[in-house]
Amino acid sequence: MRKLVLLGLVGALSLAGCLTPSSGPQRTVIAENAGGQTIPNGAGGEVVRPTYELVEFDQSLLPLLRLRAHDTLVGHFGGGKGRAGRVNVGVGDVIGLSVYEASGGGLFTPASTDTIRTGNYVSLPQQLVDEDGTISVPFAGRISVKGKSTKEIESAIVNRLKDRAIEPQVIASVLDSRSSLYSVQGEAQHPGRFAINWAGERIFEGISRAGGPKWPDYETSVTLTRGGKTATAMLQTIVRNPREDIYLQPGDEIFLRREPRFYTALGATGQSGHYPIDVPRLTLAEALGRARGLLDTQADPTGVFLLRWERPEVLARMGRDVRPYGASRIPTIYHIDLQNPSHLLASQQIDIVDKDVVYVTNATTVEARKALQVFADLSYITLNAAQTSWYLGTGAAVIGR
């Protein structure tokens, strides 16, 4: 019987560590696995494959953690500063022309007009730019206007008329721009196609002409397609950084898409779950607050971790060697000790970004308590089994007598 009890106790001790439930790894396990895994390299040797970067937080990292990379429009297309690009006449545009002469009796003077007057002008019928890019001007013939500005059109007509009219001057204007259009589609209030303002029009103005977005700027992405190239930036980035509010060009296509952001709280928080980032800026302290903070009876305040797929350039600026990963995003775990007052204050400055995971480990005393509880339960079962066996043996002996 004693042997049976002893075996039961040994089994209980060995199983206690395996049977205790946990919502995730302990702080020591996270640290132990940060070095990487050793695997065969195929040539008889071994190589260490990195698993993730474990970064111990300190105040010097705050500027890097605040410096979030944003997709950029100006980086792809330019046009973030300086003057607006020139908008030229194209096929389908409607052109208005007025011709002035220095004195009466000229080429464009009606027969009934007094020839003694000092000048004369005439407004010609509206001209639609043909498929070949030309318009027809009386006494000047076909004039090529496609790809030209109104000043260049005026100069071309004057050159044709100067030997026939009396000191001619021409004023050209675009009455209806049908070639210099851009479109706004997707999650806009009033999607459609719009003519570009010849004085210059930027992305934000173009979106405004479509009634603006249906969703807040921090949930709306702007995808611009131009000349076969496409780039995307959050509308919030364009609003906050005027340089990203680039000038529109004919043929631009703008697509607005709602992209809500979320983070996940796990471990010894008051309420683990998947939470929306429904404000322009959410800090680590606020994220923990939404998850009802840390459980007093379970959480280890020294074991708060922020899990993120970080950009290599951020880690490189921290002095980390990111070459072994060879990826555009690197698995990274930031360790924050909320028992440290400076870390607690810094949690109000660390921004939570889309798809972040906030994980809080259990205190070591909690794990010990759970192991002891399992040990007690298993011991109770073992002792009951031994006692039952003893009673059965005693009963059998009595019956045998």
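Look up: the structure comes first, before these words.
Residues numbered from 1 in each chain as written. Predicted model: local features only at pLDDT ≥ 70, side-chain atom pairs only at ≥ 80, totals over all residues. Heavy atoms only, no water.

### Regarding the environment of G133
Structurally, G133 is set in the loop between β5 (120-128) and β6 (134-137). A residue is classified by how much of its surface remains accessible, and G133, at 0% relative accessible area, is buried. Between the C-alpha atom of G133 and that of K148, which follows or precedes it by 15 residues, the distance is 9.9 Å. (Helix = DSSP H or I, 4+ residues; strand = E, 2+ residues; numbered from the N terminus. Buried < 20%, exposed > 50% of the residue type's maximum accessible area, 1.4 Å probe, protein only.)

### As for helix α5 (residues 150-161)
The end-to-end C-alpha distance of α5 is 17 Å, a good match for the 16 Å that twelve residues give at a rise of 1.5 Å each. Every buried residue of α5 is listed here: I153, E154, A156, I157 and L161. For α5, the buried positions fall inside an angular range of 165 degrees around the axis, keeping them on one side. Where α5 is buried, its residues meet β4 (94-101), β6, β7 (141-144) and β8 (169-176). (Expected span 1.5 Å × (residues − 1). Arc of directions from axis to C-beta. Contact = heavy atoms within 4.5 Å.)

### Describing the sheet that holds strand β12 (residues 229-234)
In space, the five strands of this open sheet follow the order β10-β9-β13-β11-β12, with mixed pairing throughout. Of all the strands in the sheet, the pair left with one neighbour each is β10 (192-195) and β12. For this sheet, the mean inter-axis angle between neighbouring strands, taken without regard to orientation, is 20 degrees. Note that strand β9 (residues 181-186) and strand β13 (residues 253-258) share four bridges and pair parallel. Paired with G186 across the two strands is L256, which belongs to β13. (Pairing = 2+ DSSP bridges. Axes fitted to C-alpha atoms, helices over the stretch in contact; angles between N-to-C directions.)

### Considerations on the layout of surface pockets
Rolling a probe over the atoms, with the probe sized like a water molecule, indicates the empty space that remains. In this structure, the second largest pocket spans a volume of roughly 230 Å³. Residue assignment for the lining of the second largest pocket shows that the elements contributing at least two residues are α2 (27-32), β16 (299-310), β17 (330-336) and β18 (357-362). (1 Å grid on protein atoms, 1.4 Å probe; cavity = no way out; pocket = protein on both sides within 12 Å on 5 of 7 lines; lining within 4 Å. Points joined across faces, edges and corners; volume = space filled by probe spheres on them.)

### Considering the side chain of Q236
Take Q236: it is sitting in helix α7 (residues 235-240). Not counting residues up to four positions away in its chain, the partners in contact with Q236 are D217, Y218 and P280.

### Observations regarding the packing of aromatic side chains
Summed over all chains, the structure comprises two aromatic pairs. Arranged with centres 5.7 Å apart and planes meeting at 35 degrees, the rings of Y182 and F194 form a pair that is tilted. Pair noted here: Y182 is in strand β9 and F194 is in strand β10, with a separation of twelve residues, a long-range link. A relative accessible area of 1% means that Y182 is categorised as buried. (Phe/Tyr/Trp six-rings, centres within 6.5 Å; stacked < 30°, edge-to-face > 60°.)

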